[in-house]
Amino acid sequence: MANLSDSPHFAVYDDYYTPKSAWLRISESIPKDKIIWEACCLNANLSNSPDYLREIVGEDKVVSDITMDCLINEPDNYDCIITNIPFDKTIKIPILKRFVKLDKPFIIIMNSMNTFTKYFHEIFKDNREHLQIITPSGKIHFDKLEGGVLTPTKNCSFYCVYVCFKMNLSADNLWVN
């Protein structure tokens, strides 16, 4: 049996962007009658995620701002959060806590291993009845920023899930291709 501590340590690299296919996979679960905040776009000048979401729900239904820090600010008017939060744990944990505190429905993309962590269980311990996980078939392959250009990847080393909070999804929507 392998032990992760025996593996080399890899630097966290957060210059990955959400591909359109990641949002299309769950398009049936994304509300079309709500204002969506794509919350994790701070300094993400090249992110197309808000545009992909607009294609799914409508041009006037997505709020996004590359100058807004979701740990400090929020839009005046929105109904739910749909985003791909940073991989770095020092950023991810405060974002998860903030989103739960905001008490708005959300869907976030996360590495599936996060659901096994102590911090994940601690953050959601009083809200487990509102927690759902959409499990996709296969991996989400992200777009990597290299030399100022977004390049699709085909070798993501981990599986992701969509962590849903207060979305009240049907069981049929919790497994997607």
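Residues numbered from 1 in each chain as written. Predicted model: local features only at pLDDT ≥ 70, side-chain atom pairs only at ≥ 80, totals over all residues. Heavy atoms only, no water.

Caption draft 1: Representation of helix α2 (residues 49-57) in the model. In terms of burial, α2 is largely enclosed, as seven of its nine residues are buried. Looking only at α2, the buried set comprises Ser49, Pro50, Tyr52, Leu53, Arg54, Ile56 and Val57. Close packing links the buried residues of α2 with α1 (20-24), β2 (36-37), β3 (62-63) and β4 (80-84). Immediately downstream of α2, the backbone of Gly58 shows phi near 120°, a positive value. (Buried < 20%, exposed > 50% of the residue type's maximum accessible area, 1.4 Å probe, protein only. Helix = DSSP H or I, 4+ residues; strand = E, 2+ residues; numbered from the N terminus. Contact = heavy atoms within 4.5 Å.)

Caption draft 2: Local environment of the pairing of strand β5 (residues 106-111). Most of β5 is tucked away, with six of its six residues classed as buried. Residues Phe106, Ile108 and Met110 point to one face of β5 and Ile107, Ile109 and Asn111 to the other, with burial holding for every one of them. Where β4 lies against β5, four bridges are found, and the strand directions are parallel. By the bridge assignment, Ile82 is partnered in β5 with Ile107. (Pairing = 2+ DSSP bridges.)

Caption draft 3: Inspection of unusual backbone geometry at higher detail. Its identity is not glycine, yet Asp103 carries a phi of approximately 60°, on the positive side. If you trace the backbone, Asp103 turns up in the loop between α3 (89-102) and β5.

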